[in-house]
Amino acid sequence: MTTTSTSMRPSQHEVRLNSPFTDQKPGTSGLRKSSKQFQQPHYLESFIEAVLRTLLGVKGGTLVLGGDGRFGNIHAIDVILRMAAAHGIDKVIVPVDGILSTPAASHLIRARQAIGGVILSASHNPGGPDGDFGVKVNGANGGPAPASYTDAVFKCAKTLTHYSIIEFQPVSLESPGEQAIGKMTVEVIDGVDDFVTLMQHLFDFDQIRDLIRSGFPLVFDAMHAVTGPYARRLFEDLLGAPAGSVRNGIPLKDFGGGHPDPNLTYAHKLAKLLLQSDDYRFGAACDGDGDRNMILGHRCFVNPSDSLAVLAANATLAPAYSDGLAGVARSMPTSAAVDVVAKELGINCYETPTGWKFFGNLLDAGQITLCGEESFGTGSNHIREKDGLWAVLFWLQILAKRQCSVADLMNEHWERFGRHYYSRHDYEIVDSVTAQSLYSRLETMLPSLKGQIFAGRTVNVADNFSYTDPIDFSVTKGQGLRILLEDGGRIIVRLSGTGTKGATIRVYLEDYVPSSDNLNQNPQIALKDMISAINALSEIQQLTGMNQPTVIT
Ligand code: G1P
Ligand code: ZN
């Protein structure tokens, strides 16, 4: 596409008739593909055309636009701005350099009453010319667009014959200020300010600063992704952590060649600093677009399911939640640690399918205050996305009040509520046909498992999880195979919906032990009978040819 002319006439471009989106699974939020696929002529444009034709309030509306800084970010912003102008959008809010985290975008959409936002990110997937790119669309409530919207977008994209775009030179994103493309205003803002102000409103920064200055060395790994500028402002400028506490803080197009997923495998350097040295008392990392978080203490890894439970149990220590919680929610594969806390607090706990969009209705209806997923996602009603830096600040707030180490906090939690031993085994880049046939075969075996002994215990339920939304009563089926054992043990098998190479099989393992039991085992040992039982039943290692998972969390 040439951008040399400054003509303001919307021009129409023909689109290839064999639609590039035929392989899109229904219900997928946004478009996540390889950078190479996005570079095909008219590929991004066709998707954006469908987005702008399907989104409500486009004419005269305000849109939020930005991304995690990966390869393709600036080019996509230029294309989307010119297409937004051609479609009659009144104003687009774009952060300096186009750098905007997913949580910050969610906040801006809500604060500026935008019709929605377009977030350019493939989340935790690697970036660069050989990595992935993505376009996510969020609605006016700040949350991921519901499946009904994205399904309508893909349907529209398949029948497109042309798209509208204005030819115009790229606008400068170097500093805040207003510019125009035709009748449309482009408002370039400081992308960090609004988010930081929101955090200052939720947490007691003076208390956190006192903790950090009291000899509490911490390290944050931004993984060369979007959270670097936010984290430097928060931890180093405002909360008094010494310069250098934020590592890999400059967003890079290819994330420095790394895989910006904060887990023990991809953030192993950070994990080593906390788990094998005595230099730091607290460590954390966020993913590519800043919605995931990993929390570490000195010689202590916090499992994300436990993290949600700890935040719920200690929520009233943060100013924003001092009046208590309306309710909590977790995705189905997330451990039931938060359920135990909710029971003691006397509040509702909802179990939703995997994916943040399912929390949206519950948050909008005021039924829940906190929610989370086992995949390093935690959040609250402050926005409609999970929020990595929010979770890190929440942990620091609790530690500042409780004046104890992360390990002590975890031990006290388990002594009070019992422990949910938990692990997720991911088998990545599996041949798609193999993965699907393994899954289907296991599904057909489920009915005969009920009442049988599995991993030494009776199977109470063996099914494919189905969810009825308590607010709009929509039904979502086929959300993962569950084997529920008599005393709280669970084994779940799902196929990932976010990978771009082959298929990823996720096996989730969980076992509850009451506080009187052994609370300090290695989860892989505590769960070993379940691991062998599901490996034998699914024949996962024989069928995939992999003798161990790619990632163990
Ligand atoms: C993964 C996680 C899920 C999360 C999603 C988006 O999806 O498991 O919890 O909501 O990424 O961050 P999956 O690849 O399992 O479909
Ligand atoms: Zn993400």
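Being a predicted model, the structure only gives us computed values, none of them experimental.

**Student:** When you look at the overall build of the chain in this model, what are you seeing that I'm missing?
**Tutor:** The helix and strand inventory of the chain stands at 18 helices and 27 strands. Along the three orthogonal principal directions, the C-alpha set of the chain runs to about 75 × 55 × 40 Å. Counting over 553 residues, the chain shows a buried share of 58%. Sequence-distant contacts, at least 24 apart, represent 74% of the contacts inside the chain between residues at least 6 apart.

**Student:** Can you walk me through the nonpolar core in this structure?
**Tutor:** General note: in soluble globular proteins, nonpolar side chains tend to be found buried as a group. In terms of nonpolar packing, the biggest core is built from 107 residues, with Phe203, Phe235, Phe282 and Phe454 touching the most fellow members. Ranked by the residues each element gives to this core, the list is headed by helix α13 (residues 388–402), at eleven residues. Beyond its immediate stretch of four places on either side in the chain, phenylalanine 203 contacts Ile208, Ala318, Pro319, Tyr321, Trp390, Leu393, Phe394 and Gln397. One finds Phe38, Phe47, Val92 and Leu160 within the second-largest nonpolar core, a separate group that totals 48 residues.

**Student:** Just to check I follow, could you spell out the confidence of the model for the chain for this structure?
**Tutor:** Fine structural detail should not be taken from predicted coordinates in areas where pLDDT scores are low. Within the chain, residue pLDDT values average 93, and 95% of them lie at 70 or more. In the predicted structure, residues 1–6 sits below a pLDDT of 50 and forms 19 contacts with residues beyond four places in sequence or in another chain.

**Student:** Explanation requested: the coordination of the zinc ion (ligand 2) in the structure shown.
**Tutor:** In the first shell of the zinc ion (ligand 2), the protein supplies Ser123 (OG), Asp287 (OD), Asp289 (OD) and Asp291 (OD), at 2.0 to 2.1 Å from the metal. Its four donor atoms give the zinc ion (ligand 2) angles of 87 to 163° at the centre, a pattern that matches the irregular case.

**Student:** Explain the packing of aromatic side chains to me, please; I cannot follow it from the model alone.
**Tutor:** The relative placement of two aromatic rings is captured by the distance of their centres and the angle of their planes. All chains considered together, the criterion is met by 13 aromatic pairs. Judged by centre distance (5.5 Å) and plane angle (40°), the ring pair of phenylalanine 47 and phenylalanine 154 falls under tilted. Note that phenylalanine 47 is positioned in helix α2 (residues 43–54) and phenylalanine 154 in helix α5 (residues 147–158), a separation of 107 residues in sequence. Residue classification places phenylalanine 47 among the buried positions, given a relative accessible area of 1%. Aromatic rings pair up to connect Phe203, Tyr321, Trp390 and Phe394 into one cluster. In this structure, arginine 419 is placed above the aromatic ring of tryptophan 414, and the distance from its NZ or CZ to the ring centre is 3.8 Å.

**Student:** Would you explain the sheet that holds strand β21 (residues 457–464) in this entry?
**Tutor:** In a beta sheet, neighbouring strands are held together by backbone hydrogen bonds and run either parallel or antiparallel to one another. The strand order β20-β21-β24-β25-β26-β19-β27 describes an open sheet built from seven strands, whose pairing is antiparallel. Across the chains shown, the open sheet's two edge strands, defined by having one partner strand only, are β20 (453–454) and β27 (551–552). Alignment of strand β24 (residues 481–485) against strand β25 (residues 490–495), held across four bridges, turns out to be antiparallel. Within the sheet, the bridge partner assigned to isoleucine 483 lies in β25 and is isoleucine 491.

**Student:** Where do I start with the pairing of strand β5 (residues 116–120) in this structure?
**Tutor:** The two faces of the sheet receive side chains in turn, since in a regular strand these alternate between them. Buried residues dominate β5, accounting for five of its five residues. Here β5 shows a buried face lined by Gly116, Val118 and Leu120 and a second buried face lined by Gly117 and Ile119. Note that β5 and strand β6 (residues 132–138) share four bridges and pair antiparallel. Within β6, the position partnered with valine 118 by the bridge is valine 137.

**Student:** What is the right way to read the sheet that holds strand β9 (residues 184–189) from this model?
**Tutor:** The strand order β2-β6-β5-β3-β4-β9-β8 describes an open sheet built from seven strands, whose pairing is mixed. Both outer strands of the open sheet, β2 (31–34) and β8 (177–181), are each paired with one neighbouring strand and no more. Between one strand axis and the next, the sheet turns through 20° on average, direction left out of account. Strand direction decides the pairing type here: β8 and β9, joined by five bridges, are antiparallel. Paired with alanine 180 across the strands is threonine 185, a residue of β9. Sitting on the sheet, helix α3 (residues 73–86) touches β3 (62–67), β4 (91–95), β5, β6, β8 and β9, and the angle it makes with β3 is about 165°.

**Student:** Would you explain the site of ligand 1 in this entry?
**Tutor:** In the neighbourhood of ligand 1, 13 residues make up the surrounding shell, with Ser375, Ser496, Gly497, Thr498 and Arg506 lying closest. The contact in question runs from an oxygen atom of ligand 1 to an N or O atom on the side chain of glutamate 373, over 2.7 Å. Take arginine 494: an N or O atom from its side chain is 2.7 Å from an oxygen atom of ligand 1. Burial of ligand 1 by the protein chains amounts to 91% of its free accessible area of 380 Å². Of the residues assigned to the shell around ligand 1, the class counts are no nonpolar, six polar and seven charged.

**Student:** I tried to follow the pairing of β25 on my own but got confused; where do I start?
**Tutor:** Here β25 lies mainly inside the structure; five of its six residues are buried. In this antiparallel pair of consecutive strands, β24 and β25, the connection spans four residues, and glycine 488 shows a positive phi of 95°. The pairing of β25 with strand β26 (residues 503–513) spans six bridges and is classified as antiparallel. Looking at the pairing, arginine 494 lines up with arginine 506 of β26.

**Student:** Just checking my understanding: could you explain unusual backbone geometry for this structure?
**Tutor:** Glycine aside, a negative phi is what most residues show, and trans is what most peptide bonds show. With a phi angle near 55°, arginine 299 is a residue other than glycine that sits in the positive phi range. For arginine 299, the position within the fold is in the loop between β13 (293–297) and β14 (300–302).

**Student:** What am I meant to see in the packing of α2 against α5 here?
**Tutor:** Helix packing geometry: the angle between the two helix axes and the distance between the axes. Direction vectors running N to C along α2 and α5 enclose 125°, while the axes themselves pass 8 Å from each other. Taken together, the axis directions place α2 and α5 in an arrangement best described as oblique. α2 and α5 meet at a crossing whose hand is right-handed. Here Ser46, Phe47, Ala50, Val51, Arg53 and Thr54 of α2 come into contact with α5, specifically with Tyr149, Ala152, Val153, Phe154, Cys156 and Ala157. Within the contact of α2 with α5, the residues separate by chemical class into nine nonpolar, two polar and one charged.

Basis of the calculations
Residues numbered from 1 in each chain as written. Chains lettered and ligands numbered in written order. Predicted model: local features only at pLDDT ≥ 70, side-chain atom pairs only at ≥ 80, totals over all residues. Heavy atoms only, no water. Helix = DSSP H or I, 4+ residues; strand = E, 2+ residues; numbered from the N terminus. Buried < 20%, exposed > 50% of the residue type's maximum accessible area, 1.4 Å probe, protein only. Contact = heavy atoms within 4.5 Å. Core = buried A, V, L, I, M, F, W, Y, C linked by side-chain atoms within 4.5 Å. pLDDT = per-residue confidence, 0-100. Donors = N, O, S within 2.8 Å, 3.2 Å for Na, K, Ca; no water. Tetrahedral: all angles 85-135°; square planar, octahedral: opposite > 155°, others 65-115°. Phe/Tyr/Trp six-rings, centres within 6.5 Å; stacked < 30°, edge-to-face > 60°. Lys NZ or Arg CZ within 6 Å of the ring centre and 35° of its normal. Pairing = 2+ DSSP bridges. Axes fitted to C-alpha atoms, helices over the stretch in contact; angles between N-to-C directions. Near = heavy atom within 4 Å. Polar contact = N/O pair within 3.5 Å; in protein donor to acceptor, adjacent residues only side chain to side chain. Areas by Shrake-Rupley, 256 points an atom, 1.4 Å probe, with all protein chains shown as cover. Nonpolar A, V, L, I, M, F, W, Y, C, P; charged D, E, K, R; others polar. Parallel < 35°, antiparallel > 145°, perpendicular 65-115°, else oblique. Left-handed = near helix turned anticlockwise from the far one by under 90°.

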